[in-house]
Number of protein chains: 2
Amino acid sequence: MPNPTAAMLVIGDEILSGRTQDTNTPYLARVLAEKGIDLREARMVPDIAGEIVAAVKQLRARYTHVFTSGGIGPTHDDITADCMAAAFGVGIGVREDARAILATNYANPEVDLNPQRLRMARIPDGARLIDNPISKAPGFTIGNVHVMAGVPEIFRVMVDGLVPRLGGGRPLVSRSVRVNMPEGLLAAPLGEVAADHPKVVIGCYPFHQDGKPSANVVFRSEDEAALEAAAAALCARVGDKAAAPV
Amino acid sequence: MPNPTAAMLVIGDEILSGRTQDTNTPYLARVLAEKGIDLREARMVPDIAGEIVAAVKQLRARYTHVFTSGGIGPTHDDITADCMAAAFGVGIGVREDARAILATNYANPEVDLNPQRLRMARIPDGARLIDNPISKAPGFTIGNVHVMAGVPEIFRVMVDGLVPRLGGGRPLVSRSVRVNMPEGLLAAPLGEVAADHPKVVIGCYPFHQDGKPSANVVFRSEDEAALEAAAAALCARVGDKAAAPV
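Residues numbered from 1 in each chain as written. Chains lettered and ligands numbered in written order. Predicted model: local features only at pLDDT ≥ 70, side-chain atom pairs only at ≥ 80, totals over all residues. Heavy atoms only, no water.

To continue, consider the relation of the copies chain B and chain A. Take chain B, turn it by 180°, move it 0.0 Å along the axis, and it overlays chain A with an RMSD of 0.0 Å. Given the turn and translation reported, the copies of this chain are related as if by a two-fold rotation axis. Measuring from the rotation axis to each C-alpha of chain B, the shortest distance belongs to R43 of chain B, at 2.2 Å. Here 100% of the contact residues of chain B are again contact residues in chain A; the copies associate through an equivalent surface. (Least-squares fit on C-alpha atoms with pLDDT ≥ 70 in both. Contact = heavy atoms within 4.5 Å.)

All names here are of chain A. With 7 of 7 residues buried, strand 1 (residues 5-11) is to be regarded as a mostly interior element. Where burial is concerned, the two faces of strand 1 agree: the one with T5, A7, L9 and I11 and the one with A6, M8 and V10 are both buried. The pairing of strand 1 with strand 2 (residues 38-45) spans 7 bridges and is parallel. Its bridge partner being in strand 2, I11 is matched across the sheet by V45. (Buried < 20%, exposed > 50% of the residue type's maximum accessible area, 1.4 Å probe, protein only. Helix = DSSP H or I, 4+ residues; strand = E, 2+ residues; numbered from the N terminus. Pairing = 2+ DSSP bridges.)

This brings us to the nonpolar core. Formed by 116 residues in total, the largest nonpolar core has its most connected members in F67, M84 and F140 of chain A together with F67, M84 and F140 of chain B. If sequence neighbours within four positions are ignored, M84 of chain A has contacts with I11, I52, V56, T68, P124, F140, I142, V145 and V147 of chain A. (Core = buried A, V, L, I, M, F, W, Y, C linked by side-chain atoms within 4.5 Å.)

On to the packing of helix 9 (residues 183-196) of chain A against helix 10 (residues 224-238) of chain A. All names here are of chain A. Where helix 9 contacts helix 10, the axes come no closer than 10 Å and their chain directions differ by 150°. Overall, the two elements helix 9 and helix 10 adopt an arrangement that is roughly antiparallel. Regarding helix 9 and helix 10, the two cross each other, and that crossing is right-handed. Taking contact as the criterion, the partners of L186, P189, L190, E192, V193 and D196 in helix 9 are, on helix 10, A230, A233, L234, R237 and V238. Here the contact of helix 9 with helix 10 is composed, by residue class, of 8 nonpolar, no polar and 3 charged. (Axes fitted to C-alpha atoms, helices over the stretch in contact; angles between N-to-C directions. Parallel < 35°, antiparallel > 145°, perpendicular 65-115°, else oblique. Left-handed = near helix turned anticlockwise from the far one by under 90°. Nonpolar A, V, L, I, M, F, W, Y, C, P; charged D, E, K, R; others polar.)

This paragraph deals with the domain arrangement of chain A. What the domain assignment lists for chain A is domain 1 (5-165) and domain 2 (173-241). If you average the C-alpha positions of domain 1 of chain A and of domain 2 of chain A, the two centres end up 38 Å apart. (Domains from an automatic or database assignment.)

Bringing the interface of chain B and chain A into the picture now. Each partner contributes to the interface: chain B provides 52 residues, whereas chain A provides 52 residues. Summed over both sides, the interface between chain B and chain A buries roughly 4,300 Å², with carbon and sulfur atoms accounting for 53% of that surface. Contact with chain A buries area across many residues of chain B, yet L16, R19 and H76 of chain B alone supply 13% of it, more than any other trio. Run the count over chain B and chain A and you get 4 salt bridges. Here E51 of chain A makes a salt bridge to R62 of chain B, at a shortest N to O gap of 2.8 Å. Summed over the shared surface of chain B and chain A, the result is 16 residue pairs in polar contact (both at pLDDT 80 or more). Sorting the residues of the side of chain B that touches chain A by element identifies helix 1 (13-16), helix 2 (24-35), strand 2 (38-45), helix 3 (49-62), helix 7 (115-118), helix 9 (183-196), strand 10 (201-209) and strand 11 (212-221) of chain B as the ones contributing at least two each. Here the side of chain B that touches chain A takes 8 residues from helix 9 of chain B, the largest share from any one element. Tallied by class, the residues present in the side of chain B that touches chain A amount to 23 nonpolar, 14 polar and 15 charged. (Buried area = accessible area lost by both parts, 1.4 Å probe. Salt bridge = Lys/Arg side-chain N within 4 Å of Asp/Glu carboxyl O. Polar contact = N/O pair within 3.5 Å; in protein donor to acceptor, adjacent residues only side chain to side chain.)

Right, let's talk about the side chain of R178 of chain B for a bit. Checked against the element boundaries, R178 of chain B lands in strand 9 (residues 173-179). There is a polar contact of 2.9 Å between the side chain of R178 of chain B and the side chain of N180 of chain B.

Residue and element names in this part refer to chain B. When you tally the buried positions in strand 11, you get 8 out of 10 residues, the bulk of the element. Sheet analysis places strand 9 next to strand 11, joined by 7 bridges and oriented antiparallel. Within strand 11, the position partnered with S176 by the bridge is V218. In sequence, strand 10 turns back onto strand 11 through a hairpin of 2 residues, with D210 there showing a positive phi of about 50°.

In this section: the pattern of salt bridges. A side chain with one charge may pair with a side chain of the opposite charge, provided their charged atoms come close. Counted by the stated rule, this structure contains 22 salt bridges over all chains. Of the charged contacts in the structure, one is a salt bridge between R43 of chain A and E41 of chain A, with a shortest N-O distance of 2.6 Å. For K199 of chain B, the salt bridge identified is with D223 of chain B, shortest N-O distance 2.6 Å. Of the two residues, K199 of chain B sits in the loop between helix 9 and strand 10 while D223 of chain B sits in the loop between strand 11 and helix 10 (224-238), which places them 24 residues apart along the sequence. Taking the relative accessible area as the measure of exposure, D223 of chain B reaches 17% and is therefore buried. When salt bridges that share partners are traced, they join E41, R43 and R62 of chain A together with E51 of chain B into one network.

Next comes the structure, spelled out in structure tokens:
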């Protein structure tokens with residue numbers, strides 16, 4: 001059976017303005033690889049409702065799972081929950097269990113839980129909450145879409161709580177071999193190895209160190225034996241140009 | 001006249017595997033903001049031809065410009081040029097001017113320019129070359145799609161050479177104000193300011209420092225006077241909680 005698939009949807013002007021570096025996608029990618037869920041696409045969209053709704057509709061039809069980050073805080077630009085309700089055609093309102101969880105974050109909830117903060121307890125109908133042990137405001141799963149915070153520390157604990165309860169597949173195993181030769185000379189033997197090992201995805205990432213050309217060759221596969229065979233085949237072809245794994 | 005729009009398409013398994021952090025999108029975002037071209041979307045797709053072709057077709061129909069990074073090297077996984085030819089329905093082959101440029105990178109081009117390296121001179125019919133002063137292998141523009149290298153240093157010089165020759169718009173000006181209060185208390189005055197200043201896009205990015213809650217409020221607009229008015233309106237509302245700009 002093929003592995004489940006996934007897309008990441010990063011929501012927020014701060015990413016597309018270049019102000020903030022998205023570290024959530026790489027984190028999710030590594031967690032999903034271990035779980036055997038294949039991350040196939042990532043998208044970044046601005047805080048514009050039409051864009052968010054269109055992207056989530058397209059992605060959720062295409063992949064087993066969609067993971068989102070951003071836009072679930074208390075301010076006017078936090079519109080992700082409303083967009084999810086719109087994308088699924090369901091209602092949205094303050095949910096009592098979400099409000100109760102949120103209240104535990106405040107010394108005096110009657111006063112502190114102002115209308116803006118209460119926005120964080122607005123959950124689309126039929127969603128399941130995702131735990132946020134840091135700042136309490138929950139994420140949620142609706143259908144196959146998992147809605148999480150953009151703040152990296154919170155995104156990570158939400159992912160760590162969520163992913164174990166999803167069905168997984170065969171984890172992707174990876175191995176890197178550094179080859180101390182120019183990519184243009186490595187390309188021919190590497191192409192042969194790639195053709196001989198169709199179950200292994202092989203990427204080549206050139207770099208320079210002390211002015212000398214090298215490349216990291218990354219082997220990835222669900223089949224560890226096939227991966228080892230491909231790596232060994234490359235090492236045999238390039239001889240002492242293959243350095244220690246990096 | 002509204003500003004030209006753009007999307008970024010990041011091509012490569014190494015990004016979706018979480019192995020490599022994409023720094024090309026933030027760089028492009030900053031350059032485009034100064035030029036007055038609005039970056040509206042970014043996508044990351046794997047080294048799979050069907051995915052690349054589908055994404056570029058969708059994005060080029062939608063935005064003034066599409067910028068791509070990755071997949072134009074000499075190895076088997078470098079399939080971007082072929083995908084662009086397929087997306088535009090044109091032929092592709094080694095082009096003499098591209099070959100001549102590439103040859104300048106080698107001491108002995110007759111020998112060094114092997115079939116794998118020659119792949120880097122394969123250019124879709126009708127494309128215009130993009131200069132690569134670092135490793136010579138050119139990028140290219142076909143239609144409204146600008147195809148560049150994934151290696152960040154090379155991506156950057158290609159962008160720096162390309163973007164000045166594109167038509168621009170009104171540069172997006174931005175200003176940040178740090179407000180030393182919890183986002184949940186800032187949300188109400190900030191919402192009023194946002195509602196009062198529709199020409200200014202306002203984002204709120206909370207963080208903690210020394211255990212105390214703060215937020216960076218980022219104002220962005222093509223209209224600098226409107227931006228300053230919005231920032232001043234927020235500062236007037238939050239009083240001495242507004243710290244020095246960050």
